[in-house]
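# Remarks on the overall topology
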Amino acid sequence: MPNKDPQTQLVKHLTDVHSIEEQAAVQMRRAPDLVEGALAESFRRHLGETESQEQRVRQRLQAHNASPSKLKDVAGQAGGFGMVLFARSQPDTPGKLVMHAFSYEHMEVAAYELLGIAAREAGDEETATMAAAIADEEREMAGRLAAGFDEAVEQALRQVEPEDLGDQLGTYLADVHALEAQSKELLERSKEMDVPEALRAALARHLEETEGHLRKVERRLDDRGAAPSAIKDAMLRLGALNWGVFFAAQPDTPAKLAGFAYAVENLEVAAYELLLRVARRAGDQETVDLAESILNEEKNAAKAIADQWPVSMSIA
Ligand SMILES: [Fe+2]
Ligand SMILES: [Fe+2]
Ligand SMILES: [Fe+2]
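Predicted model only: the values in this text are computed from it and were never measured.

On to the coordination of the iron ion (ligand 3), then. Within the protein, the atoms that donate to the iron ion (ligand 3) are His206 (NE2), Glu265 (OE), Glu268 (OE) and Glu298 (OE), at distances of 2.0 to 2.2 Å. For the iron ion (ligand 3), the 4 donor atoms in the first shell make angles of 76 to 155° at the metal, so the coordination geometry reads as irregular. Here the donor residues for the iron ion (ligand 3) map to a single chain with the spacing H-x58-E-x2-E-x29-E. Of this pair, His206 sits in helix α8 (residues 197–223) while Glu268 sits in helix α11 (residues 254–282); the two residues are 62 residues apart in sequence, bridging distant segments of the chain.

Dropping the structure here:
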């Protein structure tokens, strides 16, 4: 039986965000080497913020006579390194890095929103105030990354000859297909978990949309004459990214599931933002339209999940 004592829950959430910050710090130290200019600067600046966040969280843990969990932090550091390695292994390293970093910042936003709820339930106003302040810093970093989508595509495509742009667009399309397939798996798995009805309904609704996205992207790949192996290749390319490692743990509570799903939806948001930009460059209006319409649904899905944070904390 999970322990529902508010004090125990609060310490668990503090331990979780501490491990998330340790993982973030590892990424922020290595990320600037993979990009240039303002993007590299964003990562450097966020390293300072991340180190300060880690200290603030550690102080709140100490105030509750708890220490950061050694075991979790080690897993976090390994995962952090994995994400940078993953981006480095991809043909469009700057794009993949910004996309995953954007998703990671949203996972942090979710974790701090949930921490704030846990802190208020335990009557710890100081932690609630800290959680709100750090959530704002994470949202700001996500905003800086979003402002860098153009630059990320620019840096990723710098070496691509104009006549190869169409092939490149094909790989971006195949990549969103692979992401949709992974996200469908996560949404299906969540059906087996004991989750509050409102959260279950939001995820079920998006599962249906996700199946539609898969069909539409497949059709677009077909119409563009993609090789039948394109989808398989993308699965292999993205298979190097183990979501469980990337997010430090598999979700085992409704609150974690909501945070995880929110991060995954934002991973898709970033993927479609990149696809949209590559399609514009390649002059493929049909793919532009497709990316824009799906992008909207991904943003709405993320919002619908965020609306369920208070409910997802009710069965912890
Ligand atoms: Fe952080
Ligand atoms: Fe962050
Ligand atoms: Fe989605």
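Mapped onto the fold, Lys184 is located in helix α7 (residues 165–190). Distance in space between the C-alpha atoms of Lys184 and Thr129 is 35 Å, their sequence separation being 55 residues. The residues touching Lys184, leaving out its near neighbours within four places in the chain, are Leu207, Thr210, Glu211 and Leu214.

Let's shift gears to a negative patch on the surface. A cluster of like negative charges, contributed by Glu161, Glu163, Asp164 and Asp167, occupies part of the molecular surface. Looking at where Asp164 falls in the secondary structure, it is placed in the loop between α6 (149–157) and α7.

Protein coordination of the iron ion (ligand 1) is provided by Glu21 (OE), Glu21 (OE), Gln53 (OE1), Glu108 (OE) and Glu138 (OE), with donor distances spanning 2.1 to 2.3 Å. Between the iron ion (ligand 1) and the iron ion (ligand 2) the interatomic distance amounts to 3.3 Å, and Glu108 serves as a bridging ligand to the pair. On the criterion of sequence distance, the pair formed by Glu21 in helix α1 (residues 6–30) and Glu138 in helix α5 (residues 125–147) is long-range, its members being 117 residues apart.

The rules behind the values
- Position numbers for residues start from 1 in each chain and track the written sequence from start to end.
- Numbering of ligands from 1 and lettering of chains from A proceed in the order in which they are written.
- Only residues with pLDDT of 70 or above have their local features reported here, since the model is predicted, and side-chain atom pairs are shown and tallied only from 80 upward, although totals for entire chains, interfaces and linings are computed over all residues.
- Calculated side-chain values reflect all of the structure's heavy atoms, with hydrogen atoms and water omitted.
- Distances up to 2.8 Å from the metal define which N, O and S atoms are donors, and 3.2 Å serves for Na, K and Ca; water is absent from the atom set, so sites may look incomplete.
- Geometry assignment treats four donors as tetrahedral when all angles are between 85 and 135 degrees, treats four as square planar and six as octahedral when opposite donors are over 155 degrees apart and all others between 65 and 115, and treats everything else as irregular.
- Helix and strand assignments follow DSSP, with helices taken as H or I runs no shorter than four residues and strands as E runs no shorter than two, numbered in order from the N terminus.
- When checking whether two residues touch, look at their non-hydrogen atoms; a contact exists if any pair is within 4.5 Å.
- Surface patches are defined over residues having more than 30% relative accessible area and no salt bridge, joining like charges when they lie within 9 Å and nonpolar side chains (Val, Leu, Ile, Met, Phe, Trp, Tyr) when within 5 Å.
- Using a 1.4 Å probe, accessible areas were evaluated by the Shrake-Rupley method; residue-level cover was limited to the displayed protein chains.
- Should a side-chain nitrogen of Lys or Arg be within 4 Å of a carboxyl oxygen of Asp or Glu, the pair is scored as a salt bridge.
- Charge assignment: positive for Lys and Arg, negative for Asp and Glu; neither His nor the chain ends contribute.
- A charged residue contributes its charge at one atom only: NZ of Lys, CZ of Arg, CG of Asp or CD of Glu.

Interpretation in functional terms is not warranted from these geometric data alone.
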